[in-house]
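Overview (structure and organization)
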Amino acid sequence: MFIIKTKNKLKNFIITYQLKLKNKGINKSVRFKEAANITIGKKCNIGANSYIYCWNEYQHGSTKQNLKGTIFIGNNFNATRALTIQCCQKISIGNDVLIASNVFICDYNHGIQNLEIPYLNNELFLAEVIIEDGVWIGQGASILAGVHIGKKSIIGAGSIVTKNIPEYSIAVGNPAKIIKKYDFNLLKWIDIE
């Protein structure tokens, strides 16, 4: 068991080194878990104190789930600092995505089906997260399981996104609500009434 754990740690270290070597913009303090499950495009910047984690299993109490989290990040991705991505299934982030500080992205939640046991011991609820090309996510926002954010949308600072956001939309608040959409005829953002 010790040899297997050591081998896995060494593999993660080597792949993490390769990811950082490929993208000079990845801060040396960025932490990866299961780096073999993470794909990062070209010309990407990820700021200090960021965590990009994939999980291959969840075990607590008598609950054990085998998982295969995978993260794909496109080209020209920029995250200021303190980004946390936690993945148990699949998170896809497109090209030219801009993320401010202290953003949280997660594709799972603790289950709530069995009230006879603690929530921590319930099986995880898994739902893919998709963030399309050109999205801008403001400081302190949270993107939760099952969310699909459409192309060129903007998520306001501090917003909690629990539902899909269509392309070319601005969403703010907790829970995030669409307040503007881009009008291609008028070539400007218009208020949603």
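Structure first, text after, so check above.
Residues numbered from 1 in each chain as written. Predicted model: local features only at pLDDT ≥ 70, side-chain atom pairs only at ≥ 80, totals over all residues. Heavy atoms only, no water.

1. A few points about the sheet that holds strand 8 (residues 70-73)
The sheet built from five strands is open, its strands ordered 3-8-11-16-19 with parallel pairing. Here the strands that pair on one side only, and so sit at the sheet edges, are strand 3 (38-40) and strand 19 (148-149). Relative to strand 19, strand 16 (residues 129-131) runs parallel, the two being bridged by two bridges. Paired with isoleucine 131 across the bridge in strand 19 is isoleucine 149. (Pairing = 2+ DSSP bridges. Helix = DSSP H or I, 4+ residues; strand = E, 2+ residues; numbered from the N terminus.)

2. Some words on the packing of aromatic side chains
Counted under the stated rule, the structure contains five aromatic pairs. Look at tyrosine 182 and phenylalanine 184: their rings are 4.9 Å apart centre to centre, the planes differ by 75°, and that puts the pair in the edge-to-face class. With a centroid separation of 5.3 Å and 75° between ring planes, the pair formed by tyrosine 182 and tryptophan 189 is classed as edge-to-face. Given a relative accessible area of 31%, tryptophan 189 falls into the partly exposed group. (Phe/Tyr/Trp six-rings, centres within 6.5 Å; stacked < 30°, edge-to-face > 60°. Buried < 20%, exposed > 50% of the residue type's maximum accessible area, 1.4 Å probe, protein only.)

3. Looking at the pairing of strand 22 (residues 169-172)
Sheet topology note: the strand 20 (residues 154-155)/strand 22 ladder contains two bridges and is parallel. Looking at the pairing, isoleucine 155 lines up with alanine 171 of strand 22.

4. Some thoughts on the side chain of asparagine 122
Its place among the elements puts asparagine 122 in the loop between strand 14 (108-110) and strand 15 (124-126). Among the polar contacts made by the side chain of asparagine 122, one reaches the main-chain carbonyl oxygen of proline 118 at a distance of 3.2 Å. Filtering out sequence-adjacent residues up to four positions away, asparagine 122 remains in contact with Tyr58, Thr63, Gly111, Ile112, Gln113, Asn114 and Ile117. (Polar contact = N/O pair within 3.5 Å; in protein donor to acceptor, adjacent residues only side chain to side chain. Contact = heavy atoms within 4.5 Å.)

5. Focus on the pattern of salt bridges
Counted according to the given criterion, the structure contains two salt bridges. Across the pair glutamate 57 and lysine 64 runs a salt bridge, and its minimum N-O distance is 3.7 Å. Aspartate 191 is paired through a salt bridge with lysine 180; the nearest N and O atoms lie 2.6 Å apart. On the criterion of sequence distance, the pair formed by aspartate 191 in strand 24 (residues 188-191) and lysine 180 in strand 23 (residues 177-183) is long-range, its members being eleven residues apart. With a relative accessible area of 52%, aspartate 191 lands in the exposed category. (Salt bridge = Lys/Arg side-chain N within 4 Å of Asp/Glu carboxyl O.)

6. Side note on unusual backbone geometry
Of note, the bond from asparagine 174 into proline 175 is cis; its omega dihedral lies within 30 degrees of zero at -5°. With a phi angle near 55°, asparagine 76 is a residue other than glycine that sits in the positive phi range.

7. So, the sheet that holds strand 12 (residues 98-99)
Reading across the sheet, the nine strands line up as 1-4-9-12-17-20-22-23-24 and stay open at both edges, with mixed pairing between neighbours. Of all strands in the sheet, those bounded by a partner on one side alone are strand 1 (25-26) and strand 24. Judged from the two bridges that link them, strand 4 (residues 45-46) and strand 9 (residues 78-79) form a sheet pairing that is parallel. If you follow asparagine 45 over to strand 9, its bridge partner there is asparagine 78.

8. Here we look at the nonpolar core
Core analysis: the largest hydrophobic core is formed by 36 residues, its most contacted members being Phe77 and Ile105. For this core, the elements supplying multiple residues, two or more each, are strand 3, strand 5 (51-54), strand 8, strand 10 (84-87), strand 11 (90-93) and strand 16. Not counting residues within four places of it along the chain, the set of residues in contact with phenylalanine 77 comprises Lys43, Cys44, Asn45, Ile46, Leu83, Ile93, Val97 and Ile99. Within the second largest apolar cluster, six residues are counted, among which are Tyr58, Leu67, Cys106 and Leu124. (Core = buried A, V, L, I, M, F, W, Y, C linked by side-chain atoms within 4.5 Å.)

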